[in-house]
Amino acid sequence: MEPFTSLRAVALPIAQPNFDTDQILPARFLQKPRALDFGEFLFRDLRYRADGSENPDFVLNQPAYKPARIVIGEANFGCGSSREHAVWALHDYGIRAVIAPGMGDIFMSNAAKNGLLTIVLPAAAVTRMIEATLAAPGLEIAVDLEAQTVAMPGSGDGLQHRFEIDSYRKKCLLGGLDELDYTLTQLEGIEAFERGYTG
Amino acid sequence: MLLQRMVMPNRMNSSREIANSVPQTLFEKIWQRHAILTRADGQTLLYVDSHFLQDGSAPAFELLRQRGLKPRVPHRAFATPDHYVPTNSRDLAAIADPEKRAMAEALRDDSAAAGIAFFGLDDARQGIVHVVAPEQGLSQPGMLIVCGDSHTSTHGALGALAFGIGATEVAHVLATQTLWQRKPKTLRVLLAGMHRSGVSAKDIILTIIARIGASGATGHAVEYAGPALASLSMEARLTICNMTIEAGGRAGMVAPDATTFAYLKGRPFAPQGAAWDRAVARWRDLASDPGAAFDREVMLDVGEIAPMVTWGNSPEDALAITARVPDPATAPSAERREAMLRAIRYMGLEPGQALTDLKIDRAFIGSCTNGRIEDLESAAAVARGRKVAPGVEAWVVPGSTPVKREAEARGLDTVFKEAGFQWREAGCSMCLGTNGDVVAAGQRCASSTNRNFVGRQGVGSRTHLMSPAMVAAAAISGRLTDVRDLLTDR
Ligand code: SF4
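Described below are features of the structure shown in this document. Predicted model only: the values in this text are computed from it and were never measured. (Residues numbered from 1 in each chain as written. Chains lettered and ligands numbered in written order. Predicted model: local features only at pLDDT ≥ 70, side-chain atom pairs only at ≥ 80, totals over all residues. Heavy atoms only, no water.)

**Some words on the overall build of chain B**
Here's step 1: For chain B, the count of helices and strands is 18 helices and 20 strands.
Here's step 2: A compact globule built from 490 residues would reach a C-alpha radius of gyration of about 23 Å, and chain B, at 22 Å, matches this within 12%.
Here's step 3: Principal axes of the C-alpha set define a box for chain B whose edges measure 65 × 55 × 45 Å.
Here's step 4: Put simply, chain B has 490 residues, and 62% of those count as buried.
Here's step 5: By element, 52% of the accessible surface of chain B is carried by carbon and sulfur atoms, the whole surface being about 16700 Å².
Here's step 6: A gap of 3 Å separates the mean positions of the 54 positive and 51 negative side-chain charges of chain B. (Helix = DSSP H or I, 4+ residues; strand = E, 2+ residues; numbered from the N terminus. Rg over C-alpha atoms; globule rule 2.2 N^0.38 Å. Buried < 20%, exposed > 50% of the residue type's maximum accessible area, 1.4 Å probe, protein only. Areas by Shrake-Rupley, 256 points an atom, 1.4 Å probe, with all protein chains shown as cover. Lys, Arg positive; Asp, Glu negative; His and termini not counted. Charge placed at Lys NZ, Arg CZ, Asp CG, Glu CD.)

**A closer look at the site of the ligand**
Here's step 1: In the vicinity of the ligand, the residues found are His-83, Ile-128, His-130, Asp-149, His-151, Ser-367, Cys-368, Cys-428, Cys-431, Leu-432, Asn-450 and Arg-456 of chain B.
Here's step 2: The class makeup of the residues in the shell around the ligand is 5 nonpolar, 5 polar and 2 charged. (Near = heavy atom within 4 Å. Nonpolar A, V, L, I, M, F, W, Y, C, P; charged D, E, K, R; others polar.)

**Let's talk about the packing of helix α3 (residues 58–66) of chain B against helix α6 (residues 167–176) of chain B**
A pair of packed helices is captured by two measures, namely the crossing angle of their axes and the spacing between those axes.
Residue and element names in this part refer to chain B.
Here's step 1: Viewed as axis vectors pointing N to C, α3 and α6 meet at an angle of 55 degrees, and their least axial separation amounts to 8 Å. As judged from the angle between their axes, α3 and α6 are oblique. Note on packing geometry: the crossing formed by α3 with α6 is right-handed. Across the interface between the two elements, Pro-59, Ala-60, Phe-61, Leu-63 and Leu-64 from α3 touch Ala-167, Thr-168, Val-170, Ala-171, Leu-174 and Ala-175 from α6. (Axes fitted to C-alpha atoms, helices over the stretch in contact; angles between N-to-C directions. Parallel < 35°, antiparallel > 145°, perpendicular 65-115°, else oblique. Left-handed = near helix turned anticlockwise from the far one by under 90°. Contact = heavy atoms within 4.5 Å.)

**Structural notes on the state of the cysteines**
Here's step 1: Under the defined criterion, the tally for this structure stands at 0 disulfides over all chains.
Here's step 2: Cys-368 of chain B provides the cysteine sulfur closest to Cys-241 of chain B, a residue in no disulfide bond, and the two sulfurs are 12 Å apart. (Disulfide = S-S within 2.5 Å.)

**Remarks on the interface of chain B and chain A**
Here's step 1: Across the contact, 56 residues belong to chain B and 51 residues belong to chain A.
Here's step 2: Where chain B abuts chain A, roughly 4200 Å² becomes buried across the two surfaces, and 55% of that area is made up of carbon and sulfur atoms.
Here's step 3: Between chain B and chain A we count 8 salt bridges in total.
Here's step 4: For Glu-179 of chain A, the salt bridge identified is with Arg-39 of chain B, shortest N-O distance 3.6 Å. (Buried area = accessible area lost by both parts, 1.4 Å probe. Salt bridge = Lys/Arg side-chain N within 4 Å of Asp/Glu carboxyl O.)

**Regarding helix α4 (residues 98–114) of chain B**
Residues and elements named next belong to chain B.
Here's step 1: Its 17 residues give α4 an end-to-end C-alpha distance of 24 Å, which sits within 8% of 24 Å, the value for a rise of 1.5 Å per residue.
Here's step 2: Of all the bends in α4, the largest measures some 25 degrees and sits at Glu-105.
Here's step 3: Looking at the buried residues of α4, the elements they touch are β4 (50–53), α3, β5 (77–79) and β6 (117–118).
Here's step 4: For α4, the side-chain oxygen to backbone nitrogen distance between the N-cap and Glu-99 is 2.8 Å, and the N-cap itself is Asp-97.
Here's step 5: Gly-115 lies just past α4 and shows a positive phi near 75 degrees. (Expected span 1.5 Å × (residues − 1). Bend = angle between axes of the 7 residues up to and from the residue. Polar contact = N/O pair within 3.5 Å; in protein donor to acceptor, adjacent residues only side chain to side chain.)

Shape is all these values report; function is a separate question.
What follows is the structure, given as structure tokens:
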């Protein structure tokens, strides 16, 4: 897993509540092999029209947002289907962090397994960030995982937000560590549990 | 109609009646019995009793292979193909797209290689994994169940703790039979009153989601309880737990009771003989203790619920069928107004339009939400002796092969076929459309499924969620219809 320490990058505002994982990655790409670049399928039906041409109204098709590496979402971002492919699509496009007032539980868990940092901030703070990035496309957000802070250095609002993250999840992200490797070191404990288990 | 209050976090008050022990919820009992160890950051390693697999599992097996790992406890895994299977044939070769066919074949081959029980297309037990597992008696009270699919919450109806996971977690469970989880909060939904005729479990859960919102239960294990819940059948409870994820809930649960035991008894994988009696005695202790504290509680009088339909692109956009398309001008916030306008545009609606004026092109009865025998019975009761409206293409896709056989034994297939419905083979079908069964762009579909997301049933599809009886009513009249109108003229 790719380590995450800090990042200053263009933020992509997705100003829609309940933005489900079907929108992030439509179901018709679920059978595609993981070896492919899932970034191609990211927001597919919003990015492209039925005839295959780019939809100029979608944020990601505005040149200033194309280098985005951070997504700012509204309430309940990543709700719905458990497809990890949604995280793969964000990851493969180059997105390293998602900021929202709330996200689907399974989406957050999948993100953590793929080096995608999920940051939950109060709704008012997220709304301000979305408004700022919509008003000034290409605006950057700075994320510091060690310090657990998010700021918009270029926006002049001078605000810095602190976010919470599980200490272990943080350690895994900082070091690019994999949870399965760790669990495999705990096999003795699992076996001991199984010996006493009657369920 | 609905009260929401924070429950006092201080458990001492309520625990006085039970000396020496803090009353526990159903959720806490199951959690505790499966906790192997808890990390300093609060994450707990949980033991998994049963792991259900469907034909989206290929990436997880691939992850295992990359690490040179094998499924550690294969007898705790059960597999059946559902997402990619054809519903007009029982032959995998009928899947035209080679990548999709490979998904269904991979499940068969990976299961065989690992020694995992597999109910394939030629097996009389095949079907949607969330229909099959309860039906086979694989989902049992007190179990911790996972599956790489968000609707795993379904199995909680039997008194299990069951939740959906992603591909990396599926690989983790296969490799270790365990999973790391942060303990969710608890939410109890108390159902009181008597539901009226024409109102089903689907209407109850759509009402709950509309009230608490699509993220109203995020981070929570939800227990459904109360007198109205106790009187619901197991199939109704499965429908309610199934859609708990549409309110963001981590799990939906119901304490096992006489209904649960009657449903399970004699099923192929349920304990038999003396083991059955011992199991039931154990299962009786699972119910939440009197005075057990929940982090939140919600109450609902089901007597006030009418048949529901969704109008927008989130399951929370549900209204009584007697209502009208809402007017974004009345939205409580600018964000909500934007979201409503977007949904109204996508769904091809006019603010203020009567929901019963919406003409449909497609009708779909099936899915892990409403593809069980009671669902088909309720739809057949509406379709019997009537005809699908001209111009409407109506399908019935049983949730499993056993459901299909049972329906045929009861003559329901004839009822549907005589009415003009297509009677198809078991699978997920048009719920998600990954097998190619899709709703065309711009078509409006009355659907007994669980998600009305943009493009869910096919690019540009317009989905209205409702109960199977309501879908049948819509198919017959050609427009969204209050099923009670068709029940009363009988
Ligand atoms: S029926 Fe629909 S929701 Fe249920 S498992 Fe299949 S695709 Fe998922």
